[in-house]
Amino acid sequence: MSKYDPLWKYLKENKKENYKLSYEEIKEILGFEIDHSFLTYKKESKEFGYEVGKISMKEKTVIFSKI
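Every chain begins its residue count from 1, and numbering advances along the sequence as written. pLDDT decides what is reported in this predicted model: residues at 70 or higher carry local features, side-chain atom pairs at 80 or more are listed and counted, and totals for whole chains, interfaces and linings draw on all residues regardless. Here the side-chain values reflect all heavy atoms present in the structure, with hydrogen atoms and water set aside.

K.L.:
So what about the packing of helix H1 (residues 5–14) against helix H2 (residues 23–30)? Which residues, and what values?
P.N.:
Orientation is described by lines fitted to C-alpha atoms, with helices fitted over the stretch in contact, and by angles between N-to-C directions that extend from 0 to 180 degrees. Put simply, DSSP marks the helices as runs of H or I at least four residues long and the strands as runs of E at least two long, and each gets a number from the N terminus on. Taken N-terminus to C-terminus, the directions of H1 and H2 make an angle of 105°; their axes are 8 Å apart at the nearest point. The pairing of H1 with H2 is recorded here as roughly perpendicular in orientation. Where H1 approaches H2, its residues Pro6, Leu7 and Tyr10 are matched on the opposing element by Ile26, Ile29 and Leu30. Taken together, the residues that form the contact of H1 with H2 break down as six nonpolar, no polar and no charged. Under this scheme an angle from 65 to 115 degrees is roughly perpendicular, one under 35 degrees roughly parallel, and one over 145 degrees roughly antiparallel; angles in between are oblique. In this description, contact between two residues means that some pair of their heavy atoms is separated by no more than 4.5 Å. In this classification, the charged set is Asp, Glu, Lys and Arg, the nonpolar set is Ala, Val, Leu, Ile, Met, Phe, Trp, Tyr, Cys and Pro, and all remaining amino acids, among them Gly, are polar.

K.L.:
Break down the sheet that holds strand E1 (residues 18–22) for me, with residues and values.
P.N.:
The rule for pairing is simple: two strands pair if DSSP sees at least two bridges between them. Spatial strand order, E1-E3-E2: three strands in an open sheet with antiparallel pairing. At either margin of the open sheet sits one strand with a lone partner, and together these are E1 and strand E2 (50–56). Each neighbouring strand pair of the sheet contributes to a mean axis angle of 20°, computed without reference to strand direction. Where E2 and strand E3 (residues 61–66) come together, five bridges link them in antiparallel fashion.

K.L.:
Give a detailed account of the pairing of E3, specifying residues and quantitative values.
P.N.:
Where E1 meets E3, five bridges bridge the pair, whose relative direction is antiparallel. Bridge pairing links Leu21 to Val62 in E3.

Don't take any of this as a statement about function, it's just geometry.
Below, the structure written as structure tokens:
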């Protein structure tokens with residue numbers, strides 16, 4: 001179990017094709033802010049049927065797409 005499991009479960013349970021979540025929305029789901037380690041953990045999202053797309057530092061958003 002990883003610290004990002006609540007985020008992956010959120011994506012899977014809501015069953016949307018695509019998500020564009022702000023860093024703030026992700027913080028609300030996880031209970032903490034994403035950090036550089038997110039880049040390592042993002043591959044776990046595939047186990048829940050999603051892949052991490054664009055991570056925008058400028059807009060402070062992350063795009064997730066159903067696979």
